[in-house]
Amino acid sequence: MDTVIKLNSQTVGKDKIARFCQYSCRAVWASKNGQESADTIALLKHIESTLSSFRKLLRFGKGFEVLYSATGCAAQFNQTAAGLKSNELYDHLFITLGKFASGLFLLADHVVWLSRAGISKGINTTKWVDRSNRFWLISILLNLCRDMQELYRQFVYYSRSNVRNLRRTMYALYRENKPLLVDTIKNACDVFIPLNALGILPVSNKTIGMLGAISSIMGLLPLLYPRLKF
């Protein structure tokens, strides 16, 4: 109970809990079939839609905050770029561009919510949903690039200490880099959601629901255990 209270006291915690429930609902209704499940499926779809709208409202305005943070990262990047090593340069680049993409994704998401809530009429919701997914996909891919670069770097480091012993290398990588692994799993699961929404890589609703639920759990872990924050 203390855990639920702790998460519910944070806006990001509320968002992650709602996200887990949202995608769990999709996984459950997508796994059901038959006429006798029609009412259950309709109810679960309604809950999923309600949670999605709730999360959009919960995040409303955050796009400006993320973009402001991205401009700060960009300014810092310009000041320190000359003295950075190549791997640090790429890290800062991925982080900065990822924040810009994330901010634009959230801004597009705000427009979608305004349209669906009936506050702003005359908006082509389909186009804005598409834009939102494109910016989200770019953001996830940039985060994955950062994860992959760091995983490769750590793998090379540990393999030098465990020459010819892949098992020891992988264990050391897991033991010493749990925050990185959690972040990688989260992004690897997330990337399929916009890919599916954009029609680039069609995936079943059940799979999307399961991937979204797993990603949400990975997002909750750093909130519960700060040592897992990457």
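Just so you know, these numbers come straight off a predicted model, no measurement behind them.

For the rest of this paragraph, the subject is the overall build of the chain. A count of helical and extended segments in the chain gives 10 helices and 0 strands. Mapped from its N terminus to its C terminus, the chain presents α and β elements in the order α-α-α-α-α-α-α-α-α-α. Restricting the contact set of the chain to residue pairs at least 6 apart, pairs at least 24 apart contribute 71%. Split by element, the accessible area of the chain, about 13,600 Å² in all, is 59% carbon and sulfur.

With that out of the way, let us pick up the packing of helix α6 (residues 125-161) against helix α7 (residues 166-176). Following both chains from N to C, one finds α6 and α7 inclined at 130 degrees, their axes separated by 9 Å at the closest point. Looking at the two axes, α6 sits oblique to α7. Both α6 and α7 take part in a crossing whose hand is right-handed. Here α6 contributes Leu151, Gln154, Phe155, Tyr158 and Ser159 to the contact with α7, which in turn contributes Leu166, Thr169, Met170, Ala172, Leu173 and Glu176. A class-by-class count of the residues in the contact of α6 with α7 yields 7 nonpolar, 3 polar and 1 charged.

Turning to the side chain of Ser132, a few remarks are in order. Mapped onto the secondary structure, Ser132 falls in helix α6. Each residue touching Ser132, except ones within four places of it in the same chain, is listed here: Phe105, Ala108 and Asp109.

Our next topic: the pattern of salt bridges. Under the counting rule described, the total for this entry stands at 10 salt bridges. A salt bridge links Asp15 to Arg59; its shortest N-O distance comes to 3.8 Å. Taken as a pair, Asp15 in helix α2 (residues 11-31) and Arg59 in the loop between α3 (38-58) and α4 (62-80) lie far apart in primary sequence, 44 residues in all. Arg59 shares its class with Asp15; the two are buried.

Within the structure shown, the criterion is met by 4 aromatic pairs. Where Tyr90 meets Phe94, the ring centres are 6.2 Å apart and the plane angle is 25 degrees; that geometry is what we call stacked. Residue Tyr90 and its partner Phe94 are located together in helix α5 (residues 86-116), separated by 4 residues, close to a single helical turn. Of the residues examined, Tyr90 reaches a relative accessible area of 45% and is grouped as partly exposed. On the numbers, 5.5 Å between centres and 15 degrees between planes, the contact of Phe105 with Trp136 is stacked.

With 21 residues, α2 extends 31 Å from end C-alpha to end C-alpha; this agrees with the ideal 30 Å at 1.5 Å per step. Among the residues of α2, those classed as buried are Gly13, Asp15, Lys16, Ala18, Arg19, Gln22, Tyr23, Ser24, Cys25, Arg26, Ala27 and Trp29.

Before going further, it helps to examine the packing of α2 against helix α10 (residues 205-224). Look at α2 against α10: their axes get within 7 Å of each other, and the N-to-C directions meet at 160 degrees. One way to sum up the angle between α2 and α10 is to call them roughly antiparallel. Crossing angle aside, the handedness with which α2 passes α10 is left-handed. Broken down by class, the residue content of the contact of α2 with α10 amounts to 13 nonpolar, 9 polar and 4 charged.

Criteria and cut-off values
- Residues numbered from 1 in each chain as written.
- Predicted model: local features only at pLDDT ≥ 70, side-chain atom pairs only at ≥ 80, totals over all residues.
- Heavy atoms only, no water.
- Helix = DSSP H or I, 4+ residues; strand = E, 2+ residues; numbered from the N terminus.
- Contact = heavy atoms within 4.5 Å.
- Areas by Shrake-Rupley, 256 points an atom, 1.4 Å probe, with all protein chains shown as cover.
- Axes fitted to C-alpha atoms, helices over the stretch in contact; angles between N-to-C directions.
- Parallel < 35°, antiparallel > 145°, perpendicular 65-115°, else oblique.
- Left-handed = near helix turned anticlockwise from the far one by under 90°.
- Nonpolar A, V, L, I, M, F, W, Y, C, P; charged D, E, K, R; others polar.
- Salt bridge = Lys/Arg side-chain N within 4 Å of Asp/Glu carboxyl O.
- Buried < 20%, exposed > 50% of the residue type's maximum accessible area, 1.4 Å probe, protein only.
- Phe/Tyr/Trp six-rings, centres within 6.5 Å; stacked < 30°, edge-to-face > 60°.
- Expected span 1.5 Å × (residues − 1).

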